[in-house]
Structure formats: C-alpha cells, structure tokens
Amino acid sequence: MAFFDFIKHAGEKIWGKADISLADKTNKLKEHISALGLPGTESVVVTINDDNSVTLSGTVPCQETKNKIIVMAGNVEGISGVNDNLQAEQTGQESQFYTVINGDSLSIIAKRVYADAGKYQIIFEANKPMLSNPDKIYPGQKLIIPALEGKK
C-alpha cells in the first residue's frame, strides 16, 4: 500500500454543498472516477476516511489506469491523500507524480523533469482525460509524469 499526499484545499469541487454526508461524498467520488471512462473503474472500491483521505482498492487493467484513478481521486477539493490499495493486472513503466506550483505550465514542468520543454505533450497525454487542455492546470494539482521510453 502506498500513500499519496494531496492538497486538501485545492482541486475540483464535486461535492456541491458543505454539509454532504460521507456516503454521498463517497458516491460522488465514485461517479467522478467512473466519468473517466477508463476500463475497470467499475470495480474500484472507494472509501472516504475520517481524516479526509481516500482508500482505493480493487483490481484495474493496467498501471496507467491505476495512476489516473489515484490522481483523479486526490485532485478533489477536500481530499487530503489517497491510500493506494489498487492492484494492476498488467504493470507498466513507473511514473512519478508532480505537484503543480504557482507559475508552472506543462512546458515548464517538462523542462524541469525531462530537460526538454517540447515534451509537455507527453505529460498532457498521460493526464488525459483529467486534463482537457494543456493550458488548464492549477497550483496544488498533482500530475502524472510518465517515464520516458528507454529510461528508468
């Protein structure tokens, strides 16, 4: 099991109202994850804990889907972290995660992690469908940074 920290007061607002029950929050988060349209999300078990973290469990088809589900669950306002109990049927290259800071763009991040600003598209593709536009990222958002082919 791995734990990923997220910024509790940053992220997409999916709850609607402040006094929503824990069961309703759990259902909305499950719907939010399912909206990705990725295969295997229907088998993911979502549990929101008392400390505002989320525990994800179940089996998903691949590492890429697993990473996207973790980021999708954590990048919700009010979520402080994700306990990853997900199992990937097929493992893939390891990715790292990056927390966006003020002034970042995907090209700045690509320059920082790949030493090539032009590789921003790799980061954008890895974060679809959570990102609909490479220019729409925000401070506190956590992004998937895939390993480049042929590099460890």
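Residues numbered from 1 in each chain as written. Predicted model: local features only at pLDDT ≥ 70, side-chain atom pairs only at ≥ 80, totals over all residues. Heavy atoms only, no water.

Caption draft 1: Fine view of the pattern of salt bridges. In the structure shown here, the tally under the stated rule is 4 salt bridges. K68 is the salt-bridge partner of E64, the closest N and O atoms lying 3.5 Å from each other. Of the two residues, E64 and K68 both sit in helix α2 (residues 63-74), 4 residues apart, roughly one turn of that helix. You can call K68 buried: its relative accessible area is 6%. The partner of K128 in a salt bridge is E125, with the nearest N and O atoms 3.3 Å apart. Overall, K128 belongs to the partly exposed group, its relative accessible area being 32%. Residue class for E125 comes out partly exposed when judged on its relative accessible area of 38%. (Salt bridge = Lys/Arg side-chain N within 4 Å of Asp/Glu carboxyl O. Helix = DSSP H or I, 4+ residues; strand = E, 2+ residues; numbered from the N terminus. Buried < 20%, exposed > 50% of the residue type's maximum accessible area, 1.4 Å probe, protein only.)

Caption draft 2: Broad picture of the UniProt feature "domain: LysM" (unreviewed entry) in the protein chain. Following the UniProt record, one finds the feature "domain: LysM" (unreviewed entry) at residues 96-145. Taken as a whole, residues 96-145 contains 32% helix and 16% strand, while its terminal C-alpha atoms sit 5 Å from one another. (UniProt positions renumbered as here; feature names shortened; annotations may be inferred.)

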